[in-house]
Amino acid sequence: MYGKAAICLSFVILFLVSCSIYVGTVDFRSYFFPLLQSPTVTRSLCATGRPLRVYMYDLPRRFHVGMMDRWSSSEGAAPLTAENFPPWPSNSGIKRQHSVEYWLMASLLHGGDVVEGREAVRVSDPETAEAFFVPFFSSLSFNTHGHNMTDPETEVDRRLQVELLEFLQKSKYYQRSGGRDHVIPMTHPNAFRFLRQELNASLLIVVDFGRYPTNVSSLSKDVVAPYVHVVDSFTDDDPLDPYESRNTLLFFRGNTVRKDQGKIRVKLAKMLSGIDDVHYEKSVATPKNIIMSTEGMRSSKFCLHPAGDTPSSCRLFDAIVSHCVPVIVSDNIELPYEDEIDYTEFSIFFSMKEALEPGYLLNQLRQFPKDRWLEMWNRLKNVSHHFEFQYPPKKEDAVNMLWRQVKHKLPGVQLALHRSRRLKIPDWWQRRR
């Protein structure tokens, strides 16, 4: 009796399996021959692992290295290559903090024998490009030609912006995408200030959004870059007791007279000045003062980063490469690579309201556990290479991190481009309230 039941049950199971295979609900190969399955195909740029293909426009030198020195300004000189690309001036001082544009251009000129670790490579054929880099040093142009914003030299900056816009509008590749796949650095708050509205569709490289209206720049469209640090990196930070070797609890050295949210610096000065284990000093960026800031950060447990004229400043990245735990007081700050890096692992955040509450900030820092501080210190040492701008570029350094961020934005660029081609009315999403 049991034998007949077993035979019947076997026939039923065999019948059900046969039907399932026939109608396609069971993939026989997936159980017994998994290697015969077709691989999953993905169209995501970010998932391929290959370098981003970037076409760099060949602009006259006056748009970039011509602003750096007389030798570089010769328009009749040989084409720029990795061999003749001028080094960033060692005496540039505070201008260095806005030099992201220079390092991005340098990375594309650098050929190199090894592609491993490179997030972007230059292509000579624009038809094969996935993104287009515009090598206009807009921040350096402001610092060189129009820093006072009222002198006659400002006209040079404005004229360069006009010429560049005219050049781009004649480019069939700019026209093809409406500029959406064009990468344009604007890291100084006043970079491209005359005509930036005309480039609002492009992928901008910015340090924050403090002086950009939302219809020009936004977190969804653009890439947040770190400032280029101006203090030297702390490369031999290996004391026996890192916590005890740093005698100052909290360090700040910088300009205390700022606009907008930066007005908090004056208020913090009144609260923090004169306290034994706190160094809060008004200062301007001179070569001597930069050296003193370097020493101060390296001997401090925490480095204060209040908002400036805009929500961010170079001071944060000086603190990171000094392995001084950043204390960030800025309600509207946005941070670089935040889809890949969790800043709470090595930074402490206070709202402006919390920071101005008498005694609150210092009490929190004094009660901060030593073992937690050591974890943050170690994490700073592990992430600081992501904030290094250098030539030639290295794997996972700031330039390669930025190109990877550009790559992350390109699916959104393609979405916007494809939608724009089929819409018959103004984009209805922009009209929603």
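The name given to the protein in an unreviewed UniProt entry is Sodium/hydrogen exchanger, with Hibiscus syriacus as the source organism. Checking UniProt for the protein, the heading Sequence similarities (unreviewed entry) contains the comment "Belongs to the glycosyltransferase 47 family."

Comments concerning the state of the cysteines
As used here, a disulfide is simply a covalent bond connecting the sulfur atoms of two cysteines. For the coordinates displayed, the defined rule picks out one disulfide. Each sulfur of the disulfide joining C303 and C324 lies 2.2 Å from the other. When the S-S torsion is 105°, as for the bridge of C303 with C324, the disulfide is right-handed. With C303 in strand 9 (residues 300–306) and C324 in the loop between helix 11 (315–321) and strand 10 (325–329), the pair connects residues that are 21 residues apart, well separated along the chain. Of the two residues, C303 and C324, neither departs from the other in class, the shared state being buried.

Some points on the pattern of salt bridges
Counting across every chain of the model gives 19 salt bridges. For E163, the salt bridge is made with R159, and the minimal N-O distance between the two is 3.7 Å. Taken together, the residues E163 and R159, both in helix 6 (residues 154–170) and four residues apart, mark about one turn of the helix. Given a relative accessible area of 24%, E163 falls into the partly exposed group. With its nearest N and O atoms 2.9 Å apart, the salt bridge here joins R253 to E281. Highlighted residues: R253 in strand 7 (residues 248–254) and E281 in strand 8 (residues 278–282), separated in sequence by 28 residues. By relative accessible area, R253 is classed as buried at 8%.

What to know about the sheet that holds strand 8
Strand order in the open sheet formed by five strands is 8-7-9-10-11, with parallel pairing between adjacent strands. Of all the strands in the sheet, the pair left with one neighbour each is strand 8 and strand 11 (348–350). Pairwise comparison of adjacent strand axes, ignoring direction, gives a mean angle of 20° for this sheet. The pairing of strand 10 with strand 11 spans three bridges and is classified as parallel. Its bridge partner lying in strand 11, V327 is registered against I348. In the packing of helix 14 (residues 370–383) onto the sheet, contacts are made with strand 9, strand 10 and strand 11, and the angle to strand 10 comes to roughly 100°.

What to know about unusual backbone geometry
Across the junction of Y391 and P392, the peptide omega takes the value 0°, indicating a cis bond. With respect to the helices, strands and loops of the structure, P392 is situated in the loop between helix 14 and helix 15 (398–422). Despite not being glycine, H323 shows a phi value in the positive range, around 60°. Position of H323 among the secondary structure elements: in the loop between helix 11 and strand 10.

A closer look at the sheet that holds strand 3 (residues 131–133)
The parallel open sheet is built from six strands, whose spatial order is 2-1-3-4-5-6. Both edges of this open sheet fall to strand 2 (120–122) and strand 6 (223–224), since each of them pairs with a single strand only. One ladder, built from two bridges, connects strand 5 (residues 203–206) with strand 6; its direction is parallel. Of the residues in strand 6, the one forming a bridge with I205 is V223.

A closer look at empty space enclosed by the protein
Inspection of every chain in the model, using the stated rule, returns one cavity of 30 Å³ or more. Counted as a void, the largest cavity has a volume near 30 Å³. Around the largest cavity, the lining residues are S107, R118, A120, P393, V399, N400 and W403. The greatest single-element share of the lining of the largest cavity, amounting to three residues, is contributed by helix 15. Tallied by class, residues from the lining of the largest cavity come to four nonpolar, two polar and one charged.

A few points about the packing of aromatic side chains
Under the counting rule described, the total for this entry stands at 23 aromatic pairs. Where F317 meets F387, the ring centres are 5.8 Å apart and the plane angle is 35°; that geometry is what we call tilted. Taken as a pair, F317 in helix 11 and F387 in the loop between helix 14 and helix 15 lie far apart in primary sequence, 70 residues in all. Judged by relative accessible area, F317 falls into the buried class, the value being 3%. Ring geometry for Y343 and F346: centres 5.2 Å apart, planes at 50°, overall tilted.

The rules we used
Residues numbered from 1 in each chain as written. Predicted model: local features only at pLDDT ≥ 70, side-chain atom pairs only at ≥ 80, totals over all residues. Heavy atoms only, no water. UniProt positions renumbered as here; feature names shortened; annotations may be inferred. Disulfide = S-S within 2.5 Å. Helix = DSSP H or I, 4+ residues; strand = E, 2+ residues; numbered from the N terminus. Buried < 20%, exposed > 50% of the residue type's maximum accessible area, 1.4 Å probe, protein only. Salt bridge = Lys/Arg side-chain N within 4 Å of Asp/Glu carboxyl O. Pairing = 2+ DSSP bridges. Axes fitted to C-alpha atoms, helices over the stretch in contact; angles between N-to-C directions. Contact = heavy atoms within 4.5 Å. 1 Å grid on protein atoms, 1.4 Å probe; cavity = no way out; pocket = protein on both sides within 12 Å on 5 of 7 lines; lining within 4 Å. Points joined across faces, edges and corners; volume = space filled by probe spheres on them. Nonpolar A, V, L, I, M, F, W, Y, C, P; charged D, E, K, R; others polar. Phe/Tyr/Trp six-rings, centres within 6.5 Å; stacked < 30°, edge-to-face > 60°.

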